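Descriptive analysis of the structure
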Amino acid sequence: MDAHNSAGQTHGINSAHKPRGDFTARAPAALANPTLRANFRRAMDGLMTKRAAQFADRDAWTALRARGAAARANALARLPELLERLEDRCTANGIRVHWAETAAEANAIVLAILREAGATRVIKGKSMVSEEIGLNHHLEAHGVTAVESDLGEYIIQLAGEAPSHIVMPCIHKNKAEIAQLFAENIPGQPYTEDVDSLTAAARRALRQRFAAAEAGISGVNFAVAETGTLVLIENEGNGRLSTTLPPLHIAVTGIEKVVERLDDVPPLLALLPRSATGQAITTYVNMISGPRKPDEKDGPREVHLVLYDGGRSRVYDDAELRDTLRCIRCGACMNHCPVYARVGGHTYRFVYPGPIGKILSPQLEGLDCAGDQPFASSLCGACSEVCPVQIPLADILVRLRQEAVRPSATPAVKGGGSQAGLAADLGWAGWRLVYGHPALYALVSRLLARLGNLIPASVPMLRQWTRFRTKPRFAARTLHELAARGGFDRE
Amino acid sequence: MSDARARILARLRAARPSIPPARPDWAPPAIPPAERLARFTAMLEAVHAEVHAVPAAAWPAHLAPLLAAKGVRTVLAAPATWAGKALAADWPSRPDAPHLVAYDQPVEALKDRLVAGIDAAVTTTLGGIAETGSLVLWPTPDEPRLMSLLPPIHVALVDEAAITDTLAGLVAAANWAAAMPTNALLISGPSKTADIEQTLAYGVHGPKELVVLVLTR
Ligand code: SF4
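Residues numbered from 1 in each chain as written. Chains lettered and ligands numbered in written order. Predicted model: local features only at pLDDT ≥ 70, side-chain atom pairs only at ≥ 80, totals over all residues. Heavy atoms only, no water.

Thoughts on the overall build of chain A
Along chain A, the regular secondary structure elements total 23 helices and 10 strands. Its C-alpha atoms give chain A principal-axis dimensions of about 95 × 55 × 55 Å. Taking all contacts inside chain A whose residues are at least 6 apart in sequence as the whole, residues at least 24 apart take part in 73%. Working note: accessible area of chain A is about 19600 Å², and carbon and sulfur atoms make up 56% of it. Treating the 57 positive side-chain charges of chain A as one cloud and the 51 negative ones as another, the clouds have centres 7 Å apart. (Helix = DSSP H or I, 4+ residues; strand = E, 2+ residues; numbered from the N terminus. Contact = heavy atoms within 4.5 Å. Areas by Shrake-Rupley, 256 points an atom, 1.4 Å probe, with all protein chains shown as cover. Lys, Arg positive; Asp, Glu negative; His and termini not counted. Charge placed at Lys NZ, Arg CZ, Asp CG, Glu CD.)

This is the structure:
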């Protein structure tokens, strides 16, 4: 039986292994793990320093960022039209375009393409969308071997883990763990913590996989509507190999990745790697505009593009939340997030961790399943400040908090209102009552001034605040009393 | 036309439209022509590439000992390109020159050799980009894509006069949007990874070494 049929109308991650929002429950364990915290702290500090050096010229950064944000906002404003244009141009170039609403559909499309080609051995370039739809799992369940070729992805695939960062998937692992994994899994590889020799071992093992692969699967960084071009960036060359050596290439991408014009690409390229890793540019920028032509000697004979919705069209429906879809997946928001740096990527339990995950996961998966994510933030705004395409992440976090607790028959976000609770409702009802009636307000504030300090810090609701903080002290006189005493009018 | 397509587009069209913002004026940084080569070289060297400026007429003679010193015995070349022809004319008479292997058949016929049996490849380029230290390659039927990817050493030939300021400038000036090739590439350094404890390592999948010969006139 096809285990994934049960995904039904569920977008995103297959329901079979859909995580539940339990950030609050998981965070303490991560916080108590000094190795994990040290690994992330060191990595994040390095990434922040390198990024800052790239954008030392504030004026240049401001102008470039405005141009990049406009390219993305423009694409979103005309998304349906541009998707059709992309499809037309790709088709004219010989790229076959497919559309998928759900993870189950996207997986089925990829599998059908592979089956038609008789391909059972697949090599993969890094793709977050394929993590989102659980593609590897689906392929394995249907007799197709899919090997990750990005070194970080390869490592976590050997370990049976999920990525903990969208740019550096195995950032949580140290050398010793990787040495052990390689010694156990790569024939002839002894235990060594030497990074060059570990890298060489991966090259040897994966070269064979590349040579044997009957298909390559990749993601897409930008899809250019004007020319029907898929732009992929990477440092290792595995992305180029996956899209060049096997006879079949399948690119899987979210519908939001389209940009209108080729001249939108250079400013976005000037933003993405510099924001992500502090590099001026990635080693490879790979622009694919079609399959191998009859007189060409290499390149895939077939190229397919799968356009995946997975809840994005619903995000698109709300003019404020739509900005979420500008994201170019640079990871800068997580690198600068004080929460992410302390708990690491796995605590989020969703494919996209950190600030972008906190706004994206609840929208794609539903607030009923990822509803605690928007609350896992101090709202310090570091994410909004560094985002190269000016996504107002902090504002969207606040908006999602409202959606989470606001019951509605037609919620703007899937699962809206699911985080509403009786205690919070009563609290706010009481607040509204007191603040709407001046006499009551005067009475309550005087009572609190006299007796508030007698309330123990451990009473329910207050305890959640005082667990980590001292209880604030009430002043002996209310502000109104002080004002009256100072000779001011009662208003 | 699939149902998914119709439904996705219908949902997007049903959403309240937002006004497409104007693209603000943005000019990539200008690099004075006199500084271009220096910037190009510095950026490439910063990412572990080797850059040599050599007289255009004498590059095969410079390259032979350079590769021999690296222990290179076989070099993949594209026989129909000007670079391939220059190598075929110059190297056979040199005792120290590596052996030339022609990429003159479809990849299927050469796969095993290409994947594991060749030490280096020599390709031409369309030019370079000074801002980021990038090589611009548009592979052709004569000079296929995998040349710059499979062998452990990639030698790229860049005409000094073809080094431009920025990608944005190049894409606009050469009107790339009018006719994109099957594959257009920017290459900025050898293959690298920092996936193991943020320690840089080279040659994880693509070439471990990138040798750039800037041809001067
Ligand atoms: S939200 Fe902004 S900073 Fe975060 S990954 Fe997306 S583009 Fe980068």
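Past the structure itself, the notes keep going.
A closer look at the overall build of chain B
Scanning chain B from N- to C-terminus turns up six helices and 12 strands. Along the first, second and third principal axes, the C-alpha atoms of chain B reach 70 × 45 × 40 Å. Here the analysis covers contacts within chain B between residues at least 6 apart in sequence; of these, 77% occur between residues at least 24 apart. For chain B, the computed accessible surface area is about 9200 Å², with 58% contributed by carbon and sulfur atoms. Of the charged side chains in chain B, 18 are positive and 20 negative, and the gap between their average positions amounts to 10 Å.

Focus: the interface of chain B and chain A
On the chain A side, the residues contacting the 72 residues of chain B number 91 residues. Both faces considered, chain B and chain A share a buried interface measuring about 7200 Å² in area, 58% of it formed by carbon and sulfur atoms. The largest per-residue losses of area from chain B upon contact with chain A belong to Arg23, Ile196 and His205 of chain B, which jointly make up 12% of the total buried on that side. For the pair chain B and chain A, the interface holds 10 salt bridges. Salt-bridge contacts for Glu260 of chain A lead to Arg23 of chain B; the nearest nitrogen and oxygen are separated by 2.9 Å. On the surface where chain B and chain A come into contact, there are 43 residue pairs in polar contact (both at pLDDT 80 or more). When residues of the side of chain B that touches chain A are assigned to their parent elements, the largest contribution, eight residues, is made by helix H1 (residues 3-14) of chain B. The pairing of strand S9 (residues 284-288) of chain A with strand S9 (residues 183-187) of chain B spans five bridges and is antiparallel. Opposite Asn286 of chain A, over in S9 of chain B, you have Leu185 of chain B as the bridge partner. (Buried area = accessible area lost by both parts, 1.4 Å probe. Salt bridge = Lys/Arg side-chain N within 4 Å of Asp/Glu carboxyl O. Polar contact = N/O pair within 3.5 Å; in protein donor to acceptor, adjacent residues only side chain to side chain. Pairing = 2+ DSSP bridges.)

Details of the side chain of Ser164 of chain A
By the element assignment, Ser164 of chain A lies in the loop between helix H8 (151-159) and helix H9 (175-185). At 2.7 Å, the side chain of Ser164 of chain A and the side chain of His172 of chain A are in polar contact.

As for helix H12 (residues 265-277) of chain A
Residue and element names in this part refer to chain A. Between its first and last C-alpha, H12 extends 18 Å over 13 residues, near the 18 Å set by a 1.5 Å rise per residue. Within H12, 13 of the 13 residues are buried, which leaves the element mostly enclosed by the surrounding structure. Following H12 by one or two positions, Gly278 has its phi on the positive side, about 75°. (Expected span 1.5 Å × (residues − 1). Buried < 20%, exposed > 50% of the residue type's maximum accessible area, 1.4 Å probe, protein only.)

Brief notes about the pattern of salt bridges
Overall, the coordinates contain 39 salt bridges over all chains when judged by the stated rule. Between Asp264 of chain A and Arg23 of chain B there is a salt bridge; the shortest N-O distance is 2.8 Å. Of this pair, Asp264 of chain A sits in the loop between strand S8 (258-259) and H12 while Arg23 of chain B is found in the loop between H1 and helix H2 (33-46), placing the two residues in two different chains. Judged by its relative accessible area of 0%, Asp264 of chain A is buried. One network of salt bridges, with partners in common, ties together Arg67, Arg78, Glu81, Arg85, Glu260, Arg261, Asp263 and Asp264 of chain A together with Arg23 of chain B.

A few points about the environment of Tyr340 of chain A
Relative to the helices and strands, Tyr340 of chain A is located in helix H15 (residues 338-343). Excluding its chain neighbours within four sequence positions, the residues that come into contact with Tyr340 of chain A are Phe40, Met44, Ser164, His165, Ile171, Met334, Gly345, Tyr348, Pro353 and Gly354 of chain A.

Comments concerning the pairing of strand S2 (residues 121-124) of chain A
All names here are of chain A. As paired elements, S2 and strand S3 (residues 145-148) share four bridges and run parallel to each other. The residue of S3 that forms the bridge with Ile123 is Val147. As defined by bridge partners, S2 adjoins strand S4 (residues 215-218) across three bridges and the pair is classed as parallel. For Lys124, the partnering residue across the bridge sits in S4 and is Ile217.

Looking at the packing of helix H20 (residues 422-436) of chain A against helix H21 (residues 438-451) of chain A
Residues and elements named next belong to chain A. Where H20 contacts H21, the axes come no closer than 5 Å and their chain directions differ by 110°. Classified by the angle their axes make, H20 and H21 are roughly perpendicular. Contacts from Leu433, Val434, Tyr435 and Gly436 of H20 reach H21 at Pro438, Leu440, Tyr441 and Val444. In terms of residue class, the contact of H20 with H21 is built from seven nonpolar, one polar and no charged. (Axes fitted to C-alpha atoms, helices over the stretch in contact; angles between N-to-C directions. Parallel < 35°, antiparallel > 145°, perpendicular 65-115°, else oblique. Nonpolar A, V, L, I, M, F, W, Y, C, P; charged D, E, K, R; others polar.)

Considering the sheet that holds strand S5 (residues 222-224) of chain A
With mixed pairing, the eight strands of this open sheet are ordered in space as S8(A)-S5(A)-S6(A)-S9(A)-S9(B)-S6(B)-S5(B)-S8(B). Two strands in the sheet have a free side with no partner beyond their single neighbour: S8 of chain A together with strand S8 (163-164) of chain B. Note: S5 of chain A against S8 of chain A, two bridges, orientation parallel. When the bridges of S8 of chain A are listed, Ala223 of chain A appears paired with Val258 of chain A.

Points about the sheet that holds strand S3 (residues 99-102) of chain B
Residue and element names in this part refer to chain B. Taken in spatial order, the six strands line up as S1-S12-S7-S4-S2-S3 in an open sheet, and their pairing is parallel. Each of the sheet's edge strands pairs with one partner strand only, and the pair in question is strand S1 (50-55) and S3. Averaged over all adjacent pairs, the angle separating strand axes in this sheet is 25°, with direction ignored. Relative to S3, strand S2 (residues 74-77) is paired through four bridges, and the arrangement is parallel. Of the residues in S3, the one forming a bridge with Leu76 is Val101.

Thoughts on the confidence of the model for chain A
Residues with a pLDDT of 70 or more make up 95% of chain A, whose mean pLDDT is 92. Taken as a whole, residues 1-19 of chain A scores under 50 in pLDDT and shows 47 contacts with residues more than four places along the chain or in a different chain. (pLDDT = per-residue confidence, 0-100.)

Observations concerning the packing of aromatic side chains
All names here are of chain A. Throughout the structure, instances matching the rule amount to 10 aromatic pairs over all chains. Where Tyr340 meets Tyr348, the ring centres are 6.2 Å apart and the plane angle is 25°; that geometry is what we call stacked. For the residue pair Tyr340 and Tyr348, the accessibility class agrees, reading buried in each case. Taken together through their ring pairs, the aromatic side chains of Phe23, Phe40, Tyr340 and Tyr348 make up a single cluster. Of note, Arg51 hangs over the ring of Trp61, and the distance from its end group to the ring centre comes to 5.0 Å. Looking at Arg322, its charged tip hangs above the ring of Tyr316, at a distance of 4.1 Å from the centre. (Phe/Tyr/Trp six-rings, centres within 6.5 Å; stacked < 30°, edge-to-face > 60°. Lys NZ or Arg CZ within 6 Å of the ring centre and 35° of its normal.)

Here's the deal with the confidence of the model for chain B
Averaged over every residue, the pLDDT of chain B is 96; the share at 70 or more is 100%. Among the scores for the predicted complex, ipTM is 0.97 and pTM is 0.92.

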